[in-house]
Amino acid sequence: GGAQFMAGKALDNGDHAASILGSVAGARLVRAIAPSYGVPVILHSDHCSKKLLPWFDGMLEADEAYFKAFGEPLFSSHMLDLSEEPDEENIAICKKYLGRMKKINQILEMEIGITGGVEHGMDNSGVSKDKLYSTPEDVYKVHEALSPISEK
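Scope of this entry: the structure provided in the associated data block. (Residues numbered from 1 in each chain as written. Predicted model: local features only at pLDDT ≥ 70, side-chain atom pairs only at ≥ 80, totals over all residues. Heavy atoms only, no water.)

## A closer look at the packing of helix 4 (residues 87-102) against helix 5 (residues 136-146)
When two helices pack together, their arrangement is given by the angle between the helix axes and the distance between those axes.
Reasoning step 1: With their axes 10 Å apart at the nearest point, helix 4 and helix 5 run at an angle of 35° to one another. Of the two elements, helix 4 crosses helix 5, and the hand of that crossing is right-handed. Of the residues in helix 5, those touching helix 4 at D87, E88, I91, C94, K95 and L98 are D138, K141, V142, A145 and L146.
Reasoning step 2: Broken down by class, the residue content of the contact of helix 4 with helix 5 amounts to six nonpolar, no polar and five charged. (Axes fitted to C-alpha atoms, helices over the stretch in contact; angles between N-to-C directions. Helix = DSSP H or I, 4+ residues; strand = E, 2+ residues; numbered from the N terminus. Left-handed = near helix turned anticlockwise from the far one by under 90°. Contact = heavy atoms within 4.5 Å. Nonpolar A, V, L, I, M, F, W, Y, C, P; charged D, E, K, R; others polar.)

Structure (structure tokens):
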């Protein structure tokens with residue numbers, strides 16, 4: 001993806017190292033330039049699936065190091081898109097990461113349920129319409145699991 005491209009196409013990305021390097025380099029570039037423009041920085045990573053969790057872990061390690069040095073995470077927020085996984089697994093993984101992210105005042109966005117149409121290589125265009133929207137019960141399950149950890 002874009003993070004790997006930022007690091008250079010010649011780097012091996014077998015262990016997501018190029019994606020991690022590109023993400024961190026891009027975020028640091030934005031943070032370095034932003035003061036010259038007098039603008040605040042809000043950085044977000046989007047749609048990290050289960051197979052990309054090593055990339056997520058690498059960015060989170062960079063966030064923790066940046067927080068230790070500067071009192072804020074490198075990225076403002078990250079999104080876990082575990083919509084391909086069962087709800088219980090999705091919530092459990094998000095719960096684990098949110099506990100870690102809370103310590104550095106970071107926001108977690110999660111995908112509840114499935115997305116409609118084709119997005120990030122997943123084709124849900126044939127799914128019935130009643131499955132395309134999160135139910136109040138879905139949202140309540142997430143709230144019950146995550147709100148004791150963090151309001152973010």
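Picking up after the structure, the text goes on.
## So, the pairing of strand 3 (residues 107-110)
Reasoning step 1: In strand 3, alternate side chains face the same way, and those of L108 and M110 are buried while those of I107 and E109 on the opposite face are not.
Reasoning step 2: Note that the unit made of strand 2 (residues 77-80), helix 4 and strand 3 has a crossover that is right-handed. (Buried < 20%, exposed > 50% of the residue type's maximum accessible area, 1.4 Å probe, protein only. Right-handed = clockwise from strand over helix to strand, strands pointing away.)

## Regarding a nonpolar patch on the surface
Reasoning step 1: A surface patch of nonpolar side chains, amounting to about 510 Å² of accessible area, comprises M6, L29, I33, Y37 and V39.
Reasoning step 2: Top contributing element to the nonpolar patch by residue count: helix 2 (residues 17-37), with three residues.
Reasoning step 3: The residue V39 is located in the loop between helix 2 and strand 1 (44-48) in this model. (Patch = residues over 30% accessible without salt bridge, like charges linked within 9 Å, V, L, I, M, F, W, Y side chains within 5 Å. Areas by Shrake-Rupley, 256 points an atom, 1.4 Å probe, with all protein chains shown as cover. Salt bridge = Lys/Arg side-chain N within 4 Å of Asp/Glu carboxyl O.)

## Some points on the sheet that holds strand 3
Picture the strands of a sheet paired through backbone hydrogen bonds; they go either parallel or antiparallel.
Reasoning step 1: Strands sit in the order 1-2-3 across an open sheet of three strands; the sheet is parallel. Each having just a single partner strand, strand 1 and strand 3 make up the two edges of the open sheet. Strand-to-strand twist of the sheet, defined as the mean angle between neighbouring strand axes without regard to direction, takes the value 15°. (Pairing = 2+ DSSP bridges.)

## Considering the packing of helix 3 (residues 53-70) against helix 4
Reasoning step 1: In the contact formed by helix 3 and helix 4, the axes pass within 11 Å of each other and the chain directions differ by 15°. Between helix 3 and helix 4, the crossing angle belongs to the class labelled roughly parallel. Along this stretch, helix 3 crosses helix 4, giving a crossing that reads as right-handed. Facing helix 3, whose interface residues are L53, F56, D57, L60, E61 and E64, helix 4 presents I93, Y97, R100 and M101.
Reasoning step 2: Here the residues of the contact of helix 3 with helix 4 sort into six nonpolar, no polar and four charged. (Parallel < 35°, antiparallel > 145°, perpendicular 65-115°, else oblique.)

## Points about the packing of aromatic side chains
Reasoning step 1: Enumeration according to the criterion identifies two aromatic pairs in this entry.
Reasoning step 2: Ring centres 4.8 Å apart and planes at 75° place the aromatic pair F56 and Y97 in the edge-to-face group. Taken together, the residues F56 in helix 3 and Y97 in helix 4 connect sequence positions 41 residues apart. The same class applies to F56 and to Y97, which are both buried.
Reasoning step 3: Measuring from centroid to centroid gives 4.5 Å for Y66 and F70, while their planes differ by 40°, and the two rings are tilted. Of this pair, Y66 and F70 both sit in helix 3, four residues apart, which is roughly one turn of that helix.
Reasoning step 4: Assessed through its relative accessible area of 10%, Y66 is described here as buried.
Reasoning step 5: With a relative accessible area of 53%, F70 lands in the exposed category. (Phe/Tyr/Trp six-rings, centres within 6.5 Å; stacked < 30°, edge-to-face > 60°.)

## Notes on the environment of F56
Reasoning step 1: Judged by its relative accessible area of 0%, F56 falls in the buried class.
Reasoning step 2: The spatial distance from the C-alpha of F56 to the C-alpha of K68 is 18 Å, given a sequence separation of 12 residues.
Reasoning step 3: Non-local contacts of F56, meaning those with residues more than four positions away in its chain, are made with C48, H78, M79, L80, Y97, M101 and L108.

## Here's the deal with the pattern of salt bridges
Reasoning step 1: One pass over the structure, following the stated rule, counts four salt bridges.
Reasoning step 2: With a shortest N-O distance of 2.4 Å, E89 and K50 are connected by a salt bridge. A residue pair is termed long-range when its members are at least 10 positions apart, and E89 in helix 4 and K50 in the loop between strand 1 and helix 3 qualify at 39 residues.
Reasoning step 3: With a shortest N-O distance of 2.6 Å, E64 and R100 are connected by a salt bridge. With a gap of 36 residues between them, E64 in helix 3 and R100 in helix 4 connect regions that are remote in the sequence.
Reasoning step 4: Given the relative accessible area of 27%, E64 is considered partly exposed.

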